[in-house]
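Report on the structure
Listed here are the chains, written in short residue letters.
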Amino acid sequence: MNASPGAESPGPQESPGLQAAAGGFATALVRYLQALTGLFGLELRETGGQALLLGSLGVALVVASVLAYLFLLLGLTIVVVGSLGGGWVTALFVLCALHAAMAAGLFVILRGRASKPLFPGTREALRREVQKLS
């Protein structure tokens, strides 16, 4: 059936305004983050004991490593003092110089490694997503 000439025909639909679009985006983002935290909570409940055990083992490893390093230094100090004929102050300065040289070497290595960007794949993916949005 044909519409009569006097009947109003619907005009083009207007797109939602910026505020409505931002509100929809915010709502979707909140729902996404809620779902993500819910998933994280579920996985944490399932693997909480394992995570606690792994964390405890990690802390124990760090403590054992630090103690081993301290005993190594003590032994090295005793060896240096024995070779120098009992000069404790000289032995401590020699060990300090060795540690300073090692720290300087590690600093040079760190500075060389820091020039390379971290997470290049993730950075590239984010750059592409930002280009798509703009």
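All of the points below concern the structure found in this document. (Residues numbered from 1 in each chain as written. Predicted model: local features only at pLDDT ≥ 70, side-chain atom pairs only at ≥ 80, totals over all residues. Heavy atoms only, no water.)

1. Remarks on the overall build of the protein
Convention followed: Runs of H or I in DSSP of at least four residues are treated as helices and runs of E of at least two as strands, each being numbered from the N terminus. Relative accessible area decides the class of each residue, using a 1.4 Å probe on protein chains only: under 20% of the type maximum gives buried, over 50% gives exposed, and in between gives partly exposed. Methods summary: accessible areas were calculated by the Shrake-Rupley approach with a probe of 1.4 Å, and residue burial reflects only the protein chains presented.
Regarding its fold elements, the protein presents three helices and zero strands. Ordered by position from N to C terminus, the α and β elements of the protein give α-α-α. Sorting the 134 residues of the protein into buried and exposed places 4% on the buried side. Carbon together with sulfur atoms contributes 71% to the accessible area of the protein, which is approximately 11900 Å² in total.

2. So, helix H1 (residues 18–84)
Using the following cut-off: The span you would expect from a helix comes to 1.5 Å times its residue count less one. The angle between axes fitted to the seven residues ending at a residue and the seven residues starting there is what we call the bend at that residue.
For H1, which comprises 67 residues, the first-to-last C-alpha distance of 79 Å sits more than 12% below the rise-based estimate of 99 Å (1.5 Å per residue). Of all the bends in H1, the greatest, near 70°, is centred on Thr47. For H1, the full list of buried residues reads Leu73, Thr77, Val80 and Val81. Of the residues one or two after H1, Gly85 is the one with positive phi, at around 85°.

3. Topic: the pattern of salt bridges
Our working definition: Salt bridges are defined by distance alone: a side-chain nitrogen of Lys or Arg within 4 Å of a carboxyl oxygen of Asp or Glu.
Inspection of the entire model under this criterion finds one salt bridge. Residues Arg127 and Glu124 are paired through a salt bridge, measuring 2.3 Å at the closest nitrogen-oxygen approach. One end of the pair is Arg127 and the other is Glu124, both in helix H3 (residues 120–133) and three residues apart, which spans about a single turn. The exposure class of Glu124 is partly exposed, given its relative accessible area of 32%.

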